[in-house]
Amino acid sequence: MYEASHKLFEQARTLIPGGVNSPVRACRNVDSIPLFIASAAGSKITSVDGRTLIDFVLSWGPMILGHAHPEVTRAICGAAAEGSSYGAPCEAEVELARLVTDALPSVEMVRMVNSGTEATMSALRLARGVTGRARVLKCIGCYHGHADPFLAAAGSGVATLSIPGTPGVPPATVADTLLAPYNDLAAVKTLFESHGQEVAAIIVEPVAGNMGLVPPQPGFLEGLRSLCDQYGSLLIFDEVITGFRVGYGGAQQRFNIAPDLTTLGKIIGGGLPVGAYGGKAAYMQRIAPEGDVYQAGTLSGNPLAMAAGIATLRVLQHSDYAALETRVAGFARELEQILAGKGVPVQVLSLASMFCVFFTRETIVDFASVKTADLALFTSFYKQMRDAGVYLAPAAFEAGMCSFAHSDDDFNHTLDAAKKVTF
Ligand code: KE4
């Protein structure tokens, strides 16, 4: 069924570590080979084998409008005709910065970078520079990119591949990284009682999307906010996934909490490499060349990436997030009923346009509860659904993503495929 992908994968493995340019794409923990994609449009991707599947990965989040949206494609092609990189400021950078700061009230100024990792590493450096403190607190199972300080008990590919968090990262680098279970405010409070005066920042996924989908419990985010206020630490919302996905104003608008700094990525690049970090002007003005905290990037603010981001956000400004959320919630409920009818422990969580299938009856609140899920059942589910034309994230510790291009037929085809799954 996947001969052409197999052939390319064999070649790729001789040239690229694991045959992929990002580990989680390798499908290692679902006992499968990666499909090599030839094209994508709307809610579908087509592999080099000529197979078209309904895509619930969406490039791990960016493609909320669906693939090859005409407005985005037109913007990229138009920008490309004007040159691909200037290494100097251009109007599109101002326009995307304005769209972002208008959408996120807590973000008064923003700096464009090229990935979510660059955004979070820069935001942490800024928080350390502003506070003069070294420690950072993150939640076990949250993933903030692959910068050294965050590779302690990280989620996403680190969790998927069960990599001990720090090979290649000197212990001293993560010595300042404090860890607490997600949704465990008491544990955070205890750490702050001992170390609060040394903590530069808490960084958190306001909706965790890198250990599957784990929503914040009521009071958790509010509690982090008040602890940061009490101890003079900065609250960093890592909205690389949730930004412009859980609502046009992100999680900070949905939960009505103002972080001190916000990191973004994925959707704001419309599929091209963009990350960003922003926050109160008083903090952002500490960033070079205005201030003394250094951060730089050859391709930051790239005109093509800016054009893709601008086109994406302009369409999102007029998109009905509530309607999409209702459709995804209904889909998740039906999927859970279908799978539960097969006598396996299962729950399907959803929030906005994200969803996740957990093969466990444990209440999902943190990484420990997520890890009770049966990975063998997930692997069987993944393989059968892929053979039925449904492209799920190839890892139990990732969240499913829906787009405004997903049709009722797509959801119904997916539910019909689930009905045929056997365990
Ligand atoms: P990137 O450096 O991969 O652009 O962004 C890092 C990042 C930061 N913060 C959050 C909340 C993220 O989810 C990510 C990256 N997400 C993963 C998938 N969940 C990227 C996929 C991959 O590693 O290939």
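Residues numbered from 1 in each chain as written. Predicted model: local features only at pLDDT ≥ 70, side-chain atom pairs only at ≥ 80, totals over all residues. Heavy atoms only, no water.

Q: Sorry if this is basic, but what is going on with the overall build of the protein chain here?
A: When its secondary structure is counted, the protein chain shows 15 helices and 14 strands. Here the C-alpha atoms of the protein chain give a radius of gyration of 21 Å, agreeing with the 22 Å that 2.2 N^0.38 yields for 423 residues. With respect to the principal axes defined by its C-alpha atoms, the protein chain has extents near 55 × 55 × 45 Å. Burial status across the protein chain gives 57% buried among its 423 residues. In the protein chain, the proportion of contacts linking residues at least 24 apart, taken out of those at least 6 apart, comes to 73%. Carbon and sulfur atoms make up 54% of the accessible area of the protein chain, which amounts to about 16,800 Å² in all. For the protein chain, the distance from the average site of its 31 positive side-chain charges to the average site of its 39 negative ones is 3 Å. (Helix = DSSP H or I, 4+ residues; strand = E, 2+ residues; numbered from the N terminus. Rg over C-alpha atoms; globule rule 2.2 N^0.38 Å. Buried < 20%, exposed > 50% of the residue type's maximum accessible area, 1.4 Å probe, protein only. Contact = heavy atoms within 4.5 Å. Areas by Shrake-Rupley, 256 points an atom, 1.4 Å probe, with all protein chains shown as cover. Lys, Arg positive; Asp, Glu negative; His and termini not counted. Charge placed at Lys NZ, Arg CZ, Asp CG, Glu CD.)

Q: What is the right way to look at the packing of aromatic side chains in this model?
A: The way to describe two aromatic rings as a pair is by their centre distance and the angle between their planes. Taken as a whole, this structure holds 13 aromatic pairs when the rule is applied. Look at Tyr321 and Phe404: their rings are 5.4 Å apart centre to centre, the planes differ by 85°, and that puts the pair in the edge-to-face class. Of this pair, Tyr321 sits in helix H12 (residues 321–340) while Phe404 sits in the loop between strand E14 (400–401) and helix H15 (408–419), and the two are 83 residues apart along the sequence. In this structure Phe404 comes out as partly exposed when scored by relative accessible area, which is 26%. Put simply, the rings of Phe56, Phe331, Phe355 and Phe411 touch in pairs and so form one group of aromatic residues. (Phe/Tyr/Trp six-rings, centres within 6.5 Å; stacked < 30°, edge-to-face > 60°.)

Q: Mind showing me how you'd approach the site of the ligand here?
A: By nearness alone, 17 residues border the ligand, and Ser22, Thr117, Asn210, Asp238 and Glu398 come closest of all. The backbone of Gly116 places a nitrogen or oxygen atom 3.0 Å from an oxygen atom of the ligand. Note that a nitrogen atom of the ligand is positioned 3.4 Å from one of the backbone N or O atoms of Tyr143. In the complex, the protein chains occlude 86% of the 530 Å² of accessible area that the ligand would expose alone. Grouping the constituent residues of the shell around the ligand by class yields five nonpolar, eight polar and four charged. Inspection of the shell around the ligand shows a minimum of three residues originating in each of domain 1 (3–65 + 320–419) and domain 2 (70–316). (Near = heavy atom within 4 Å. Polar contact = N/O pair within 3.5 Å; in protein donor to acceptor, adjacent residues only side chain to side chain. Nonpolar A, V, L, I, M, F, W, Y, C, P; charged D, E, K, R; others polar. Domains from an automatic or database assignment.)

Q: Explanation requested: the domain arrangement of the protein chain in the structure shown.
A: Interface size is often expressed as the accessible area that is lost when the parts come together. According to the domain assignment, the protein chain contains domain 1 (3–65 + 320–419) and domain 2 (70–316). The straight-line distance from the C-alpha centre of domain 1 to that of domain 2 is 25 Å. Residue-level contacts link 35 residues of domain 1 with 34 residues of domain 2. The junction of domain 1 with domain 2 conceals about 2,800 Å² of combined surface from both sides, 69% of it contributed by carbon and sulfur atoms. When the buried surface of domain 1 facing domain 2 is broken down by residue, Tyr321, Leu351 and Phe367 rank first, second and third, together holding 23% of it. Seen at the junction of domain 1 and domain 2, the total is one salt bridge. With a closest N to O distance of 2.6 Å, Glu325 and Arg254 form a salt bridge. Along the contact surface separating domain 1 from domain 2 lie seven residue pairs in polar contact (both at pLDDT 80 or more). When contributions to the side of domain 1 that touches domain 2 are tallied by element, the ones reaching two or more residues are H12, strand E11 (347–351), strand E12 (354–358) and helix H13 (367–370). Looking at the side of domain 1 that touches domain 2, the element that brings in the most residues is E12, giving four residues. (Buried area = accessible area lost by both parts, 1.4 Å probe. Salt bridge = Lys/Arg side-chain N within 4 Å of Asp/Glu carboxyl O.)

Q: Could you clarify how one ought to interpret the sheet that holds strand E13 (residues 390–391) in this entry?
A: The strands making up a sheet associate through hydrogen bonds between their backbones, and the pairing can be parallel or antiparallel. What the four strands build is an open sheet, ordered E1-E2-E3-E13; its pairing is mixed. Taken across any chain shown, the strands that pair with only one partner, and hence form the sheet edges, are strand E1 (37–41) and E13. Bridge count for strand E2 (residues 44–47) against strand E3 (residues 52–55) is three bridges, and the pairing is antiparallel. In the strand pairing of E3, Thr46 is matched with Thr52. (Pairing = 2+ DSSP bridges.)

Q: Looking at this structure, how should I read the sheet that holds strand E5 (residues 135–140)?
A: If you trace the seven strands from one edge of the open sheet to the other, you get E4-E10-E9-E8-E7-E5-E6, paired in mixed fashion. If you trace the sheet from one side to the other, it starts and ends with strand E4 (109–113) and strand E6 (177–181), each paired once. Sheet twist, expressed as the mean angle between neighbouring strand axes with direction ignored, is 20°. Pairing of E5 with E6, which is carried by five bridges, proceeds in the parallel orientation. (Axes fitted to C-alpha atoms, helices over the stretch in contact; angles between N-to-C directions.)

Q: Can you help me understand helix H1 (residues 3–15) in this one?
A: In this model H1 runs 19 Å from its N-terminal to its C-terminal C-alpha over 13 residues, within 8% of the 18 Å that 1.5 Å per residue would give. Here the buried face of H1 lies against E2. (Expected span 1.5 Å × (residues − 1).)

Q: Please clarify how the packing of H12 against H15 should be interpreted in this entry.
A: Geometrically, a packed helix pair is captured by the angle between its two axes and the distance between the axes. Packing of H12 against H15 leaves a shortest axis separation of 9 Å and a crossing angle of 10°. Of the possible angle classes, the one that applies to H12 and H15 is roughly parallel. Taking contact as the criterion, the partners of Arg327, Val328, Phe331, Glu334, Leu335, Ile338 and Leu339 in H12 are, on H15, Asp408, Phe411, Thr414, Leu415, Ala418 and Lys419. Counted by class, the contact of H12 with H15 contains eight nonpolar, one polar and four charged residues. (Parallel < 35°, antiparallel > 145°, perpendicular 65-115°, else oblique.)

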